[in-house]
Amino acid sequence: MQISYQYQGQWHVKSLSQTEVTVGRPNNQSSVDIDLSPDTTVSRVHAKLWLENGTCWIEDLGSRYGTTVNDTAITGRHPLTEGDQIRIGETMLRMDAS
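A. Up close: the packing of aromatic side chains. This model, assessed by the stated rule, comprises 1 aromatic pair. Taking 6.3 Å as the distance between ring centres and 10° as the angle between the ring planes, the aromatic pair formed by Trp50 and Trp57 counts as stacked. Positioned above the aromatic ring of Trp57 is the side chain of Arg77, whose terminal nitrogen or guanidinium carbon lies 4.3 Å from the ring centre.

B. How the structure looks around the sheet that holds strand β8 (residues 72-73). The 6 strands lie next to each other as β2-β1-β11-β10-β7-β8, forming an open sheet whose pairing is antiparallel. The two strands at the open ends of the sheet, each matched to only one other strand, are β2 (10-15) and β8. Alignment of strand β7 (residues 67-69) against β8, held across 2 bridges, turns out to be antiparallel. Looking across to β8, one finds that Val69 is bridged to Thr72.

C. The layout of surface pockets, seen in detail. There is about 240 Å³ of room inside the largest pocket. Among the secondary structure elements, those contributing two or more residues to the lining of the largest pocket are β1 (2-7) and β11 (91-96). Here the residues of the lining of the largest pocket are counted per class, giving 6 nonpolar, 4 polar and 4 charged.

D. How the structure looks around the pairing of β2. Summarising the sheet, β1 and β2 pair through 6 bridges and their orientation is antiparallel. Bridged to Gln2 within β2 is Ser15. Where β1 folds back onto β2 in an antiparallel hairpin, the turn is made up of 2 residues, including Gln8, whose phi is positive at roughly 50°.

E. Broad picture of the side chain of Thr67. Turning to its location among the elements, Thr67 is positioned in strand β7. We classify Thr67 as buried; its relative accessible area is 1%. Excluding anything up to four places from it in sequence, Thr67 contacts His46, Ala47, Ile58, Asp60, Thr72, Ala73, Ile74, Ile86, Arg87 and Ile88.

F. Molecular detail of the nonpolar core. If you look at the biggest cluster of nonpolar residues, it comprises 20 residues, and the most contacted ones within it are Ile3 and Leu49. Broken down by secondary-structure element, the contributors of at least two residues to this core are β1, β3 (20-24), β5 (45-52), β6 (55-60), β10 (86-88) and β11. Contact partners of Leu49, with chain neighbours within four places excluded, come to Met1, Ile3, Thr19, Glu20, Val21, Val23, Trp57, Ile58, Leu80, Ile86 and Met95.

What counts, and where the lines are drawn
- Residues numbered from 1 in each chain as written.
- Predicted model: local features only at pLDDT ≥ 70, side-chain atom pairs only at ≥ 80, totals over all residues.
- Heavy atoms only, no water.
- Phe/Tyr/Trp six-rings, centres within 6.5 Å; stacked < 30°, edge-to-face > 60°.
- Lys NZ or Arg CZ within 6 Å of the ring centre and 35° of its normal.
- Pairing = 2+ DSSP bridges.
- Helix = DSSP H or I, 4+ residues; strand = E, 2+ residues; numbered from the N terminus.
- 1 Å grid on protein atoms, 1.4 Å probe; cavity = no way out; pocket = protein on both sides within 12 Å on 5 of 7 lines; lining within 4 Å.
- Points joined across faces, edges and corners; volume = space filled by probe spheres on them.
- Nonpolar A, V, L, I, M, F, W, Y, C, P; charged D, E, K, R; others polar.
- Buried < 20%, exposed > 50% of the residue type's maximum accessible area, 1.4 Å probe, protein only.
- Contact = heavy atoms within 4.5 Å.
- Core = buried A, V, L, I, M, F, W, Y, C linked by side-chain atoms within 4.5 Å.

Written as C-alpha cells, this is what we have:
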C-alpha cells in the first residue's frame, strides 16, 4: 500500500507492507503508522486505512475535526476509489493499493 500526503505544499510518499495503517500524530500513549505531524488539526489517532478484498477503506476514529473524502464528511467505514481526495485536518492524502 502506498499513501501520498501533502501538508503546506510539501508532498510525502510512504510505502507500507501492511494492509492496515493508523494515521495521526504520535505521543507516549499512542503510535501511528503515518505521522501527520506537525498538522495540529490532526488527532493523535485520527483514522484507519486498510485493504479488504481488493477494496481500499477509510474510517474516522472519533477525531476532533473529522475526515472528509472528496469534500464530504464521513462516518463509519467508507470505501475509497482511485483518485479520491482524503482530508485529515489540513493534510490531503491519496491511497494507492499497489
